[in-house]
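Geometric and topological summary
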Amino acid sequence: MSAQKIQIFDTTLRDGEQVPGCKLNMDEKLVIARQLELLGVDVIEAGFPVSSPGDFEAVKAIASQTKEATVCGLSRAVEEDIRVAADALMGARRPRIHTGIGTSDSHINFKLRSTQDKVLERAIAAVTLAKSFVEDVEFYAEDAGRTENEFLAKVCEAAVKAGATVLNIPDTTGYCLPEEYGAKIKYLYENVKGIDRVRLSTHCHNDLGLATANSIAGVVNGARQIECTINGVGERAGNTALEEVVMILRQHPYLNLDTNVNTKLLAETSSMVSHMMRMPVQPNKAIVGSNAFSHSSGIHQDGVIKHRETYEIIDPRDVGVSDSSIVLTARSGRAALAYRLQKIGYNFDKSTLDRAYASFLQVADRTKEVVDTDLHTLVEQENLVAAS
Ligand code: KIV
Ligand code: ZN
């Protein structure tokens, strides 16, 4: 049985770009949008058109250049937002308006200073208006993670009745535990009339480091779209990282869920976004960090040299990284040293390798990492002769 497709909704250009320091200019946004299409995402959230003339123009330009992916524009449940989003998306082949409102007590009482009944009315009005412009309307219930399930289901049902095609259930504050978030999605499946006509979407933030786990719990419980960003960039601690959810589904085929993403483009997309946003990727970041396929301890290096899968669950080439790397440090063993010496042309017998290793440890204790030029110097200084 072929795996069910999970749609990837990339919000790097909206939830990611709104982060301090991550601002992109128009050309950069267009380049990233093109790369996202190549990568194979299903939906590109291009921006929040009413927020500034620059964002409006960017959404408009992305809408007209994008060929296959759906292009989405964000709006609040506010008439002007929706009209402006519709205008920006006019040239899109597959336009989607993303509109919604806060549904948690915290948002209703303190942010909106409103009531549940009024929020319900505004949700219906927003979806109805958006639907008058485009067929594809996504409704978000902001802070759904902290919204009591019964009211959430009531708002979702009203949004479906008003014509929403996708229901986004954001864990806006990154509060939920995976079991709780998964149960919320399941509850909606079981309690919202008409849910079988629409697609449920996850949108998880990473305040407790659970965004990826929550998104996976969401799809395991029936959601069929994941909202995410490249490198997990996004408000505060960020959004779900696209590369993580895509690779989790790819590495666990028994879940029978997969995406259209060409994983071989993950590394290059990550570095493009990091470079353009001037937002470095932490070295130990899953999938795309510079250490994700590096091995530095002797025990691990010995294992990887003998058989890569002893310490790697992903073939680096599957995500566009040319090879695993064996990094030489004072924790490395003879196997790693011999392997790296061989790569630069030295094939030593056991006793020569022992001498090389003793001198290597002295260099390694003085530096963080021993590189190829250090190895050449070491071979010359010690007068080491390769085995014939
Ligand atoms: O985190 C959130 O709730 C959002 C919505 C605007 C979709 O980004
Ligand atoms: Zn968000």
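Up top is the structure.
Throughout what follows, the structure given in this document is the object of discussion. (Residues numbered from 1 in each chain as written. Chains lettered and ligands numbered in written order. Predicted model: local features only at pLDDT ≥ 70, side-chain atom pairs only at ≥ 80, totals over all residues. Heavy atoms only, no water.)

Within the largest apolar cluster, 88 residues are counted, with the highest numbers of intra-cluster contacts made by Ile8, Leu39, Phe139, Leu167, Ile169 and Leu242. It is helix H7 (residues 149–162) that contributes the most residues to this core, nine residues altogether. The contacts of Leu167, once residues within four sequence positions are left out, are Phe139, Cys156, Ala159, Val160, Ile195, Val198, Arg199, Leu200 and Ser201. Residues Tyr346, Leu353, Ala356 and Leu378 belong to the second largest nonpolar core, which totals 19 residues. (Core = buried A, V, L, I, M, F, W, Y, C linked by side-chain atoms within 4.5 Å. Buried < 20%, exposed > 50% of the residue type's maximum accessible area, 1.4 Å probe, protein only. Helix = DSSP H or I, 4+ residues; strand = E, 2+ residues; numbered from the N terminus. Contact = heavy atoms within 4.5 Å.)

What follows covers the site of ligand 1. Residues in close proximity to ligand 1 include Arg14, Asp15, His98, Tyr140, Glu142, Asn168, Pro170, Thr172, His203 and His205, which together make up its full environment. In this structure, an oxygen atom belonging to ligand 1 sits 2.9 Å away from a side-chain N or O atom of Arg14. Relative to its free-state accessible area of 260 Å², ligand 1 is covered by the protein chains to the extent of 93%. Those elements that provide at least two residues to the shell around ligand 1 are helix H1 (12–16), strand E6 (136–142) and strand E7 (166–171). By residue class, the composition of the shell around ligand 1 is two nonpolar, five polar and three charged. (Near = heavy atom within 4 Å. Polar contact = N/O pair within 3.5 Å; in protein donor to acceptor, adjacent residues only side chain to side chain. Areas by Shrake-Rupley, 256 points an atom, 1.4 Å probe, with all protein chains shown as cover. Nonpolar A, V, L, I, M, F, W, Y, C, P; charged D, E, K, R; others polar.)

The subject of this paragraph is the pattern of salt bridges. Two side chains with opposite charge may pair up if their charged atoms get near one another. Counted under the stated rule, the structure contains 28 salt bridges. For Arg14, the salt bridge identified is with Glu45, shortest N-O distance 2.9 Å. One end of the pair, Arg14, is in helix H1; the other, Glu45, is in strand E3 (residues 43–47), with 31 residues separating them in the sequence. In this structure, Glu28 engages Arg278 in a salt bridge whose closest nitrogen and oxygen atoms are separated by 3.1 Å. One end of the pair, Glu28, is in helix H2 (residues 26–39); the other, Arg278, is in the loop between helix H11 (266–277) and strand E11 (294–295), and 250 residues separate them in sequence. Glu28 sits in the buried class, given a relative accessible area of 13%. Looking at Arg278, the relative accessible area reads 56%, which means it is exposed. Residues participating in the shared-partner salt-bridge network are Glu17, Lys23, Lys29 and Asp55. (Salt bridge = Lys/Arg side-chain N within 4 Å of Asp/Glu carboxyl O.)

Glancing now at the coordination of the zinc ion (ligand 2). Bound to the zinc ion (ligand 2) are the protein donor atoms Asp15 (OD), His203 (NE2) and His205 (NE2), situated 2.0 to 2.1 Å from the metal. Going along the chain, you hit the donors of the zinc ion (ligand 2) in the pattern D-x187-H-x1-H. With Asp15 in helix H1 and His205 in the loop between strand E8 (199–204) and helix H9 (211–220), this residue pair connects regions lying 190 residues apart in the sequence. (Donors = N, O, S within 2.8 Å, 3.2 Å for Na, K, Ca; no water.)

Before going further, it helps to examine the side chain of Ser274. With respect to the helices, strands and loops of the structure, Ser274 is situated in helix H11. Within the structure, the side chain of Ser274 is placed 2.9 Å from the backbone oxygen of Met279, a separation counted as a polar contact.

The strand order E2-E3-E4-E5-E6-E7-E8-E9 describes a closed barrel built from eight strands, whose pairing is parallel. If you compare each strand with its neighbour and ignore which way they point, the axes differ by 25° on average. As defined by bridge partners, E6 adjoins E7 across three bridges and the pair is classed as parallel. When the sheet's bridge partners are listed, Phe139 is paired in E7 with Leu167. In this fold helix H4 (residues 79–88) packs onto strand E4 (70–76) and strand E5 (95–102), with an angle of close to 160° to the strand it touches most, E4. Against the sheet, H9 contacts E7, E8 and strand E9 (225–228), and its axis sits at roughly 170° relative to E8. (Pairing = 2+ DSSP bridges. Axes fitted to C-alpha atoms, helices over the stretch in contact; angles between N-to-C directions.)

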